[in-house]
Amino acid sequence: MELSARREDLTEAGFVRDYRELDDFKKWLDDTLDHRHLNEAMGGISPSAENLAAWIFDLWIERFPELTAVRVSETPKTWAAYRPGR
């Protein structure tokens, strides 16, 4: 999984977002999706890679307003991405 982010101006430290601020996302990912059936975790939404990317984006955009896209790997060579408005 990959999160993409963008902002007009970097923070004073030169970041879009400090990686430590992603700890809550990693904990949520581990608690919600790791070793779980996606059908159950996603509450009835079809667990395609495309739907999973959109679902994650929609859940986290308020917390990370600079989020621009979520990509989900289906295999080592295939990805599905969700980028709203594109």
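J.: What am I meant to see in the side chain of E66 here?
T.: Along the chain, E66 falls in the loop between α3 (49-60) and β2 (67-75). At 2.3 Å, the side chain of E66 and the side chain of R17 are in polar contact. Once residues within four sequence positions are removed from consideration, E66 is found in contact with S4, A5, R6, R7, V16 and R17.

J.: Any chance you could explain unusual backbone geometry here in plain terms?
T.: One can expect most non-glycine residues to show negative phi and most peptide bonds to be in trans. You will see that H35, though not glycine, has its phi angle at about 60°, which is positive. Within the secondary structure, H35 sits in the loop between α1 (23-32) and α2 (38-41). Residue classification places H35 among the exposed positions, given a relative accessible area of 79%.

J.: Any chance you could explain α3 here in plain terms?
T.: Side chains that are three or four residues apart share a direction in an α-helix, a result of its 3.6 residues per turn. The first and last C-alpha atoms of α3 sit 17 Å apart over 12 residues, in line with the 16 Å expected at 1.5 Å per residue. All buried positions along α3 are accounted for by A49, L52, A53, A54, W55, I56, F57 and W60. For α3, the secondary structure elements touched by its buried residues are α1, α2, β2 and β3 (78-82).

J.: Before we go on, may I ask you to explain the sheet that holds strand β1 (residues 2-5) in this structure?
T.: Sheets are built from strands paired through backbone hydrogen bonds, the pairs being either parallel or antiparallel. Pairing is antiparallel in the open sheet, where 3 strands are placed in the order β1-β2-β3. Each edge of the open sheet carries a strand with a single partner, namely β1 and β3. Adjacent strand axes in the sheet meet at a mean angle of 25°, parallel and antiparallel pairs treated alike. Bridge count for β1 against β2 is 4 bridges, and the pairing is antiparallel. Residue pairing for β2: L3 is matched across the bridge by V70. Contacting β2 and β3, α3 crosses the sheet at an angle of about 150° to β2.

Reading the values: the criteria
Residues numbered from 1 in each chain as written. Predicted model: local features only at pLDDT ≥ 70, side-chain atom pairs only at ≥ 80, totals over all residues. Heavy atoms only, no water. Helix = DSSP H or I, 4+ residues; strand = E, 2+ residues; numbered from the N terminus. Polar contact = N/O pair within 3.5 Å; in protein donor to acceptor, adjacent residues only side chain to side chain. Contact = heavy atoms within 4.5 Å. Buried < 20%, exposed > 50% of the residue type's maximum accessible area, 1.4 Å probe, protein only. Expected span 1.5 Å × (residues − 1). Pairing = 2+ DSSP bridges. Axes fitted to C-alpha atoms, helices over the stretch in contact; angles between N-to-C directions.

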